[in-house]
Amino acid sequence: MELPVFASLVLIIAGVWSLVVWPQFLRRVMKDPRARNSAGKATKFLTVHVVLVSISMVLGAATAVIGIMAMAG
């Protein structure tokens, strides 16, 4: 894969950013009173955010890997 070094760096930085920021966000969401009902079970609020964070982290990891592969190639 041929990409300019700048583009590769942007992909790596964007991927790392996602891997650093999203877990912090999820920690805050899990502490939110809306995350669990009175019985302690996960609410739709928590479930939706866990799915969003998971997808974002997978895409972030893929973005970083693509950037690394482009840099190496």
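Rules behind the numbers
Positions within a chain are numbered from 1, following the residues in the order the chain's sequence is written. Owing to the predicted nature of the model, reporting of local features is limited to residues with pLDDT of at least 70; listing and counting of side-chain atom pairs is limited to 80 or more, with chain, interface and lining totals taken over all residues. Water and hydrogen atoms play no part in the side-chain values, which are based on all heavy atoms of the structure. Residues form patches when they are more than 30% accessible in relative terms and have no salt bridge. Like charges link within 9 Å. Nonpolar side chains (Val, Leu, Ile, Met, Phe, Trp, Tyr) link within 5 Å. We get accessible surface area from the Shrake-Rupley algorithm with a probe of 1.4 Å; when it comes to residues, only the shown protein chains can shield them. Each reported salt bridge corresponds to a side-chain nitrogen of Lys or Arg within 4 Å of a carboxyl oxygen of Asp or Glu. Going along the chain from the N terminus, every DSSP run of H or I of four or more residues is numbered as a helix, and every run of E of two or more is numbered as a strand. To sort residues, take the accessible area from a 1.4 Å probe on protein chains only and compare it with the maximum for the residue type: under 20% means buried, over 50% means exposed, and anything in between is partly exposed. Helix axes use the C-alpha atoms of the stretch in contact, all axes being lines fitted to C-alpha atoms, and the angles between their N-to-C directions lie in the range 0 to 180 degrees. Note on angle classes: values under 35 degrees are labelled roughly parallel, values over 145 roughly antiparallel, values of 65 to 115 roughly perpendicular, and the remainder oblique. In this scheme the handedness of a crossing depends on how the near helix is turned from the far one: anticlockwise by less than a right angle means left-handed, clockwise means right-handed. In this classification, Asp, Glu, Lys and Arg are treated as charged, Ala, Val, Leu, Ile, Met, Phe, Trp, Tyr, Cys and Pro as nonpolar, and every other residue, Gly included, as polar. UniProt positions are given in the numbering used here, feature names are shortened, and annotations may be inferred rather than shown by experiment. What a helix should span is 1.5 Å times the count of its residues minus one. Between two residues, a contact is recorded if the distance between any of their heavy atoms is within 4.5 Å.

An unreviewed UniProt entry lists the protein under the name Integral membrane protein, from Pseudarthrobacter scleromae.

## A few points about a nonpolar patch on the surface
Taken together, the side chains of V5, L9, I13 and M71 make up a nonpolar region of the molecular surface, amounting to roughly 370 Å² of accessible area. For the nonpolar patch, the leading source of residues is helix α1 (residues 5-31), giving 3 residues. In this structure, V5 sits in helix α1. Judged by relative accessible area, which is 53%, V5 ranks as exposed.

## Observations concerning the packing of α1 against helix α2 (residues 44-72)
Any two packed helices are characterised by the angle at which their axes cross and by the distance between the axes. Running from N to C, α1 and α2 cross one another at 160°; their axes reach a closest spacing of 7 Å. By the criterion of interaxial angle, the relationship of α1 to α2 is roughly antiparallel. The hand of the α1/α2 crossing is left-handed. For the contact of α1 with α2, the per-class residue count stands at 24 nonpolar, 8 polar and no charged.

## Quick word on the UniProt feature "transmembrane region" (unreviewed entry) in the protein
UniProt records the feature "transmembrane region" (unreviewed entry) at residues 6-25 and 46-72, using the numbering of this structure. Counted over residues 6-25, helix gives 100% and strand 0%. Its end C-alpha atoms are 28 Å apart. With 100% helix and 0% strand, residues 46-72 has end C-alpha atoms that lie 39 Å from one another.

## Focus on α1
The terminal C-alpha atoms of α1, which comprises 27 residues, lie 40 Å apart, in line with the 39 Å expected from a rise of 1.5 Å per residue. Residues of α1 that are buried: S8, I12, G15, S18, P23, L26 and V29. Turning to α1, the residues buried within the fold contact α2.

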